[in-house]
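Letter by letter, the chains look like this.
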Protein chains: 6
Amino acid sequence: MPYVNIRITREGATPEQKAKLIEGVTRLLRETLGKNPATTVVTIDEVETDNWGIGGETVTARRKRGQ
Amino acid sequence: MPYVNIRITREGATPEQKAKLIEGVTRLLRETLGKNPATTVVTIDEVETDNWGIGGETVTARRKRGQ
Amino acid sequence: MPYVNIRITREGATPEQKAKLIEGVTRLLRETLGKNPATTVVTIDEVETDNWGIGGETVTARRKRGQ
Amino acid sequence: MPYVNIRITREGATPEQKAKLIEGVTRLLRETLGKNPATTVVTIDEVETDNWGIGGETVTARRKRGQ
Amino acid sequence: MPYVNIRITREGATPEQKAKLIEGVTRLLRETLGKNPATTVVTIDEVETDNWGIGGETVTARRKRGQ
Amino acid sequence: MPYVNIRITREGATPEQKAKLIEGVTRLLRETLGKNPATTVVTIDEVETDNWGIGGETVTARRKRGQ
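Only a predicted model underlies this, so the values are computations on that prediction, with no experimental measurement involved.

Caption draft 1: A look at the sheet that holds strand β1 (residues 3-9) of chain C. Sheet architecture is open: 8 strands sit in the order β4(D)-β3(D)-β2(B)-β1(B)-β1(C)-β2(C)-β3(E)-β4(E), paired in mixed fashion. Where the open sheet ends on each side, the last strands, each with one partner, are β4 (57-58) of chain D together with β4 (57-58) of chain E. One ladder, built from 2 bridges, connects strand β3 (residues 52-54) of chain E with β4 of chain E; its direction is antiparallel. Opposite G53 of chain E, over in β4 of chain E, you have T58 of chain E as the bridge partner. In this fold helix α1 (residues 15-33) of chain B packs onto β1 (3-9) and β2 (41-47) of chain B, β1 of chain C together with β3 (52-54) and β4 of chain D, with an angle of close to 140° to the strand it touches most, β2 of chain B.

Caption draft 2: Structural detail: the interface of chain A and chain E. In this assembly, 26 residues from chain A lie in contact with 26 residues from chain E. Approximately 2,100 Å² of surface area, both sides summed, lies buried where chain A meets chain E, with 76% of it carried by carbon and sulfur atoms. At the surface where chain A touches chain E, the tally comes to 0 salt bridges. Of all the secondary structure elements, the ones that give two or more residues to the side of chain A that touches chain E are β1 (3-9), α1 (15-33), β3 (52-54) and α2 (59-64) of chain A. Sort the elements by how many residues they give to the side of chain A that touches chain E and α1 of chain A lands first, with 9 residues. When β1 of chain A meets strand β1 (residues 3-9) of chain E, the two strands line up antiparallel, connected through 5 bridges. Bridge assignment links Y3 of chain A to a residue of β1 of chain E, and that residue is R7 of chain E.

Caption draft 3: Geometry of the pattern of salt bridges. One pass over the full model with this rule turns up 50 salt bridges over all chains. Note that E11 of chain C is salt-bridged to R63 of chain C, the shortest N-O span being 2.6 Å. With E11 of chain C in the loop between β1 and α1 (15-33) and R63 of chain C in helix α2 (residues 59-64), the pair connects residues that are 52 residues apart, well separated along the chain. Residue R63 of chain C is classed as partly exposed on the basis of its relative accessible area, which comes to 36%. Through salt bridges with shared partners, a single network forms among R7 and D45 of chain A, R7 and D45 of chain B together with R7 and D45 of chain D.

Caption draft 4: A look at the relation of the copies chain A and chain E. Note on the identical chains: chain A maps onto chain E by a rotation of 180° and an axial translation of 0.0 Å, with an RMSD of 0.0 Å. Both copies are brought into coincidence by an operation consistent with a two-fold rotation axis. When each C-alpha of chain A is compared by its distance to the rotation axis, N5 of chain A comes out closest, at 2.6 Å. The share of interface residues of chain A whose copies in chain E are also at the interface is 100%, consistent with both copies meeting through the same surface.

Caption draft 5: Spatial organisation of the relation of the copies chain E and chain F. Note on the identical chains: chain E maps onto chain F by a rotation of 120° and an axial translation of 0.0 Å, with an RMSD of 0.0 Å. Expressed as an axis order, the relation between the two copies is that of a three-fold axis. Within chain E, the C-alpha atom positioned nearest to the axis of rotation is that of D45 of chain E, 5.7 Å from it.

Caption draft 6: Quick look at the packing of α1 of chain B against α1 of chain C. Interaxial distance between α1 of chain B and α1 of chain C falls to 10 Å at its minimum, and their mutual angle equals 160°. Judged by the inter-axis angle, α1 of chain B sits roughly antiparallel to α1 of chain C. In the crossing of α1 of chain B with α1 of chain C, the sense of the turn from one axis to the other is right-handed. For the pair α1 of chain B and α1 of chain C, the contacting residues are Q17, K20, L21, G24, V25, L28, L29, T32 and L33 of chain B in the first and Q17, K20, L21, G24, V25, L28, L29, T32 and L33 of chain C in the second. Its residues assigned to classes, the contact of α1 of chain B with α1 of chain C comprises 10 nonpolar, 6 polar and 2 charged.

Cut-offs and rules
Within every chain, residues take consecutive numbers counted from 1 along the sequence as written. Naming scheme: in the order in which they are written, chains are lettered from A and ligands are numbered from 1. Totals for whole chains, interfaces and linings use every residue, but because this is a predicted model, local features are given only for residues with pLDDT of at least 70 and side-chain atom pairs only at 80 or more, for both listing and counting. Side-chain descriptors were evaluated using all non-hydrogen atoms of the structure, hydrogens and water having been removed beforehand. Only when DSSP finds a minimum of two bridges between them are two strands counted as paired. Segments assigned H or I by DSSP are reported as helices when at least four residues long, segments assigned E as strands when at least two residues long, and all are numbered from the N terminus. We call two residues contacting when some pair of their heavy atoms lies within 4.5 Å. Axis definition: a line fit to C-alpha positions, over the contact stretch in the case of helices; interaxial angles, taken between N-to-C directions, run 0 to 180 degrees. Accessible area, probed at 1.4 Å, shrinks when two parts are joined; the buried area is that loss added up over both. We define a salt bridge as a side-chain nitrogen of Lys or Arg found within 4 Å of a carboxyl oxygen belonging to Asp or Glu. A 1.4 Å probe rolled over the protein chains alone gives each residue an accessible area, and that area as a share of the maximum for its type sets the label: buried under 20%, exposed over 50%, partly exposed in between. Least-squares superposition aligns the copies on the C-alpha atoms of those residues with pLDDT at or above 70 in both. Small angles under 35 degrees read as roughly parallel and large ones over 145 as roughly antiparallel, with 65 to 115 read as roughly perpendicular and the rest as oblique. Each crossing gets its handedness from the near helix: less than a right angle anticlockwise from the far helix is left-handed, clockwise is right-handed. Residues were grouped as follows: Ala, Val, Leu, Ile, Met, Phe, Trp, Tyr, Cys and Pro as nonpolar; Asp, Glu, Lys and Arg as charged; and all remaining residues, including Gly, as polar.

Right, here's the structure in full:
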């Protein structure tokens, strides 16, 4: 009954990509730790680039510089 | 001074229901553990069904199958 | 299939109190939002008083002052 | 490589204020604990006032009363 | 620069299993969303069975019943 | 009434350092966003190096290589 929270920047992940991510993490937990997929919960948070910082600056600022 | 985070799928919870949830959790923490309501914080995150997975698939996919 | 995380200071909550809290939150989610108890997950994090701050100081410091 | 999550009510924080917050927290972690800014991640969650409770009521209700 | 938090019950996961989980999630994020492994952070929280509830009861209680 | 969660590896942060961190973050939120220190909550999670991954490997493995 694991709970997994995945946080990424909101930059266009498609429903198909998110479905694959959920499927993949659930399978990984079964293969690695024997966790039951039926009670494995995965949530994905898409965070605005203004609200995500790394290296002391926002991702918005980094993207403007081409990073 | 507890902090409670409640995560549910975004499927139409009303402001009244959310207010009841906040009131109920705060009361429960006072009754069960003697926690001071004045400093009890409760946040509710409503997560898109595309971003919530259980059993290796999204809630969107489950809802389409009538689950 | 809600996920609830309750964070409290580690100050002697008993297994019985924690079981009551889990039972109470699960019931509240069913009564308020019709959520299925079978897939409602609740986790409790007990945080050391040195690691919890409010009003700009640790709970350890507050407890020493009798608060 | 710290990870910091800041949760505030959604009440008009500007991109400039959020950038300052990210910069300030990153600097604080370097000064206090010697953490490398390059791998310090900060995320900010802005939560609707209907979804934030304190003292057993929503922030929406408190704001209506002028608090 | 994704951030992933995996929460499992504390029931004997080995350092090798946890290392595999971290490696697997990081690879999955690269393959699914093109995320850079160098800045992908994964944390694992192992939660006591007294502090994890599902179906309104603790995992401790479930384990005693053989579930 | 912000809530801040700071996650660092468990590598010897002292109570004094943690108190400074709590004080500094609380002050930063007042200066940057005008948040009331009295209801600002900060929690610090210290995570074992076996349970923290970056670049697809655990911090334990990185430390062994001198990183």
